[in-house]
Every structure is written in C-alpha cells, then in structure tokens.
Amino acid sequence: MKSASSDASVAVDAGTVTKPALGTLWREFLGLCKLKVVALIVFTAVVGMMLAVPGMVPWMPLVFGTLGIGMAASSAAAINHLVDRRADAVMARTQYRPLPKGTLTTTQAATFAIGLGAVSMVVLWFLVNPLTAVLTFISLIGYAIVYTMWLKRATPQNIVIGGAAGAAPPVLGWTAVTGTIDPHSLLLFLIIFAWTPPHFWALAIHRRDEYAKVDIPMLPVTHGIPFTRLQVLLYTYILLIVTILPFVVHMSGVFYLIGAIGLGAGFLYYAYQLKADSEPGIAMKTFGYSIVYLMALFAFLLVDHYLPLLWKLGS
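The text that follows walks through the structure, step by step, so that each part is easy to find.

Conventions we followed
Residues numbered from 1 in each chain as written. Predicted model: local features only at pLDDT ≥ 70, side-chain atom pairs only at ≥ 80, totals over all residues. Heavy atoms only, no water. Helix = DSSP H or I, 4+ residues; strand = E, 2+ residues; numbered from the N terminus. Buried < 20%, exposed > 50% of the residue type's maximum accessible area, 1.4 Å probe, protein only. Contact = heavy atoms within 4.5 Å. Salt bridge = Lys/Arg side-chain N within 4 Å of Asp/Glu carboxyl O. Expected span 1.5 Å × (residues − 1). Arc of directions from axis to C-beta. Core = buried A, V, L, I, M, F, W, Y, C linked by side-chain atoms within 4.5 Å. Axes fitted to C-alpha atoms, helices over the stretch in contact; angles between N-to-C directions. Parallel < 35°, antiparallel > 145°, perpendicular 65-115°, else oblique. Left-handed = near helix turned anticlockwise from the far one by under 90°. Patch = residues over 30% accessible without salt bridge, like charges linked within 9 Å, V, L, I, M, F, W, Y side chains within 5 Å. Areas by Shrake-Rupley, 256 points an atom, 1.4 Å probe, with all protein chains shown as cover. Phe/Tyr/Trp six-rings, centres within 6.5 Å; stacked < 30°, edge-to-face > 60°.

1. As for the environment of Phe 126
Move 1: Mapped onto the fold, Phe 126 is located in helix H7 (residues 106–127).
Move 2: Separated by 60 residues in sequence, Phe 126 and Leu 186 have C-alpha atoms that sit 24 Å apart.

Structure representation (structure tokens):
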C-alpha cells in the first residue's frame, strides 16, 4: 500500500501545474521567499549595521547591504521549498506552498532561486564589500545546502548545528558597514544561535506528528516530547546567560540589561509552562513569544546604542 508521502511525491514530481493568472504570478514567487522569516533576518542584520557605528549608517551599505542580504535569504528560502517539496505536500502547514499546490514548476522555482542568489552576490560584492558577499554566500550554502539537504534529515541536532546559518545576519550587517568581523558582532551571532533551538523545538513539539509522517528526525520525533520540553528549558537558561554578555563586555548599557532580563524572564515562564504541559497550545504560544522576544531584544540593543546620542542632542 502506498503511503500519503509517496502519493504526494508522485504528484509533486509529475509536474502538474495549475497555472495562475499572469497578474498574480508574482505572488507565487513571493511565496517561495518566506517573507516573514526574511523580515526577521533583515531586521537583525540592520540592527547589526547600526550597532557597528556610533551615528547613522552610511546609506550605501544600509540600502544595498539590506537588499543583498534580504535577496540572499529569499534565495535560500526558495531552495528550501525545492528540496522539501515532497515533505511539504504531506504536512498540513506547508501543503499550500507554491510547489505542492502546483502553481509553480520546479524549473521556475530553481531559476528564481539561483537568479535571486546570483543578483544578491553581485549587489553585495560590488556595492557593499567582498567580505560581506563571501560571508553571505557561506550562510546561504549553510542553510540551503548543508542544513536543508543534509542535516535536517541526518540528525535530531539538525537545528542546533544548522542554527549557525540563521545566526549570521547581524554579523553580515556589521561587516557590510565596517568590512571587518568584529567580536561584538559575534556576540549577536551567539544570541541568535542560542535562541534558535528553544524557538524551533517549540514549533517541532506542536508539529511532531507531521515531522514523523515525513521521516524528518526532529528532536520530538527521535527523543520524545518530554525530553524536548526539557531541552527547551535548558537552552532558555543558556540564552538568558548569553544575552547578558553584551552588558558584561560593555557593548551595551543598563537599559539593554533591564530589557534582556525582563524578556528572558518571560521566555523562562513560557519554557516552564511548556515543560509542565500546563495548557493546550502552550507549544505554539512559546513559539510565538520566542519571535516577539528576539525582535524586542534587538530593539533594546538598538535603543540602548543610541541613548547617549539622544541625551547629547537633548542637552
């Protein structure tokens, strides 16, 4: 008897396409870009740019750095759609993506992904600086190839190891402005690296059965939900410690420290509630908070960075 996964694979590989109207085709290509994820990536990259300088970021790296990093992230997302198209056709949350839905062909998606990635490299190399282009390319390959094609199906620690690619944007933003890799930018990298496991494992707990259906060895599938809940809690403690480091090394001040501790306490609250399985839907509530947490944490970094300038202007 054929499984739902094999039936979906046949349908996806058969190349059956429901051709959208020409005026709405652009929406299907945008659907490959995972714009909500890319928006968070771009936000952390821009914060990295702003933390790299005492005043305003020069307009060239701000505009073209943001554009190039955003396009590279969108290219990686489109490659992820290509590689995961069979699994996406089976999982409820992804079956209406452009490839499983049949509104784009794999050729169209591949052309779009490669073209977008190539343009992003040209923009970053010639309009920003070569180091940013090289680091962005490594990050793109790390997510689209190493994580998506190999790690994701090779080990339950996939998201821990592969999280390095997702943690790169603040470093890319910093490098776009300075042309160097600064130790402070690596602290921003470390924050997102520590944030990724509790963030993603909360989602994986909620989607455990779907990952099991398509044989993706996410931690809740291989080690069970109770073990994963414990890991979320432990990594949240690690995250809280890591987020204090910018204050410890005098990269940020008291304003950021207060924000980091407050936000971290909120994350710990959700992690404990998840560990206790306190209410229905707590995994998705934890996942939702984790996104707000990262955005707010980087906002505190940004405001703290510019507070001395604001006080100077006000005096």
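Here the narrative resumes.
2. Observations concerning the side chain of His 81
Move 1: With respect to the secondary-structure elements, His 81 resides in helix H4 (residues 59–83).
Move 2: A relative accessible area of 2% means that His 81 is categorised as buried.
Move 3: For His 81, the contacting residues outside a window of four places in its chain are Gly 31, Leu 32, Lys 34, Asp 88, Arg 97, Pro 98 and Leu 99.

3. Comments concerning the pattern of salt bridges
Any two side chains of opposite charge can pair, so long as their charged atoms come close to each other.
Move 1: Applying the stated rule across the entire model yields eight salt bridges.
Move 2: With its nearest N and O atoms 3.6 Å apart, the salt bridge here joins Glu 28 to Lys 101. Residue Glu 28 is located in helix H2 (residues 25–31), and its partner Lys 101 is located in helix H6 (residues 98–101); the two are separated by 73 residues in the primary sequence.
Move 3: What makes Glu 28 buried here is its relative accessible area of 12%.
Move 4: Measuring nitrogen to oxygen at the nearest pair gives 3.4 Å for the salt bridge that ties Arg 208 to Asp 209.
Move 5: According to the relative accessible area criterion, Arg 208 is partly exposed, its value standing at 27%.
Move 6: Taking the relative accessible area as the measure of exposure, Asp 209 reaches 57% and is therefore exposed.
Move 7: Overlapping salt bridges, with partners in common, bring together Asp 84, Lys 152 and Arg 153 in one network.

4. Things to note about H7
For an α-helix, 3.6 residues make a turn, and residues three or four places apart therefore share a direction.
Move 1: Taking 1.5 Å of rise per residue, the 22 residues of H7 would be expected to cover 32 Å, and the 31 Å separating its terminal C-alpha atoms lies within 8% of that figure.
Move 2: For H7, the set of buried residues is Ala 109, Ala 113, Leu 116, Gly 117, Ser 120, Met 121, Val 123 and Leu 124. Buried residues along H7 cover an arc of 165 degrees about the axis, so they all sit on one side. Opposite the buried face of H7, at more than 90 degrees from it, the exposed residues are Thr 107, Thr 111, Ile 114 and Phe 126.
Move 3: Residues of H7 that are buried in the fold lie against H4, H6 and helix H8 (130–154).

5. Quick notes on helix H15 (residues 254–276)
Move 1: The end-to-end C-alpha distance of H15, which contains 23 residues, comes to 33 Å, matching closely the 33 Å that a straight helix rising 1.5 Å per residue would cover.
Move 2: Among the residues making up H15, those that are buried are Tyr 256, Leu 257, Gly 259, Ala 260, Leu 263, Gly 264, Gly 266, Phe 267, Leu 268, Ala 271 and Leu 274.
Move 3: Taken from the residues just after H15, Asp 277 is the one with a positive phi, measuring 50 degrees.

6. Some words on the nonpolar core
As a rule of thumb, soluble globular proteins bury nonpolar side chains together.
Move 1: Trp 195, Tyr 293 and Phe 298 are the most contacted members of the largest nonpolar core, which has 60 residues in total.
Move 2: The element best represented in this core is helix H3 (residues 35–51), accounting for nine residues.
Move 3: In this structure, Tyr 293 is in contact with Trp 195, Leu 239, Thr 243, Leu 263, Gly 264 and Phe 267, ignoring residues within four places of it in sequence.
Move 4: Counting residues in hydrophobic clusters, the runner-up holds 28 residues, among them Ala 87, Tyr 147, Ala 204 and Leu 219.

7. Structural notes on the environment of Leu 99
Move 1: Relative to the helices and strands, Leu 99 is located in helix H6.
Move 2: For Leu 99, a relative accessible area of 6% puts it in the buried group.
Move 3: Between the C-alpha atoms of Leu 99 and Gly 31, which are 68 residues apart in sequence, the distance is 9.7 Å.
Move 4: Aside from chain neighbours lying at most four places away, what touches Leu 99 is His 81, Leu 82, Arg 85, Leu 104, Thr 105, Thr 106 and Ala 109.

8. Some points on the packing of helix H9 (residues 158–166) against helix H11 (residues 183–206)
Move 1: At a closest axis distance of 9 Å, the pairing of H9 and H11 adopts a crossing angle of 130 degrees. Considering the angle they form, H9 stands oblique to H11. The handedness of the crossing between H9 and H11 comes out as right-handed. Listed contacts from H11 to Ile 159, Val 160, Ile 161, Gly 163, Ala 164 and Gly 166 of H9 are Phe 189, Ile 192, Phe 193, Thr 196, Pro 197, Phe 200 and Trp 201.

9. Details of a nonpolar patch on the surface
Move 1: Judged by side-chain polarity, Trp 59, Met 60, Val 63, Val 122, Trp 125, Phe 126, Leu 127, Val 134, Phe 137 and Ile 138 come together as a nonpolar surface patch covering roughly 1000 Å² of accessible area.
Move 2: For the nonpolar patch, the secondary-structure elements that each account for two or more residues are H4, H7 and H8.
Move 3: When residues of the nonpolar patch are assigned to their parent elements, the largest contribution, four residues, is made by H7.
Move 4: In this fold, Val 134 is placed in helix H8.

10. Re the packing of H3 against helix H10 (residues 169–178)
Move 1: In the contact formed by H3 and H10, the axes pass within 7 Å of each other and the chain directions differ by 40 degrees. Between H3 and H10, the crossing angle belongs to the class labelled oblique. With respect to the hand of their crossing, H3 and H10 are arranged in right-handed fashion. Where H3 abuts H10, its residues Ile 41, Thr 44, Ala 45, Gly 48, Met 49 and Leu 51 lie against Pro 169, Pro 170, Gly 173, Trp 174, Ala 176 and Val 177.

11. As for the packing of aromatic side chains
A ring pair, where both rings are aromatic, is described by two values, the distance of the centres and the angle of the planes.
Move 1: This model, assessed by the stated rule, comprises 12 aromatic pairs.
Move 2: Here Trp 201 and Tyr 235 contribute two aromatic rings whose centre-to-centre distance is 5.4 Å and whose plane-to-plane angle is 80 degrees, an arrangement assigned as edge-to-face. A residue pair is termed long-range when its members are at least 10 positions apart, and Trp 201 in helix H11 and Tyr 235 in helix H14 (residues 225–248) qualify at 34 residues. For the pair shown, Trp 201 and Tyr 235 are each scored as buried.

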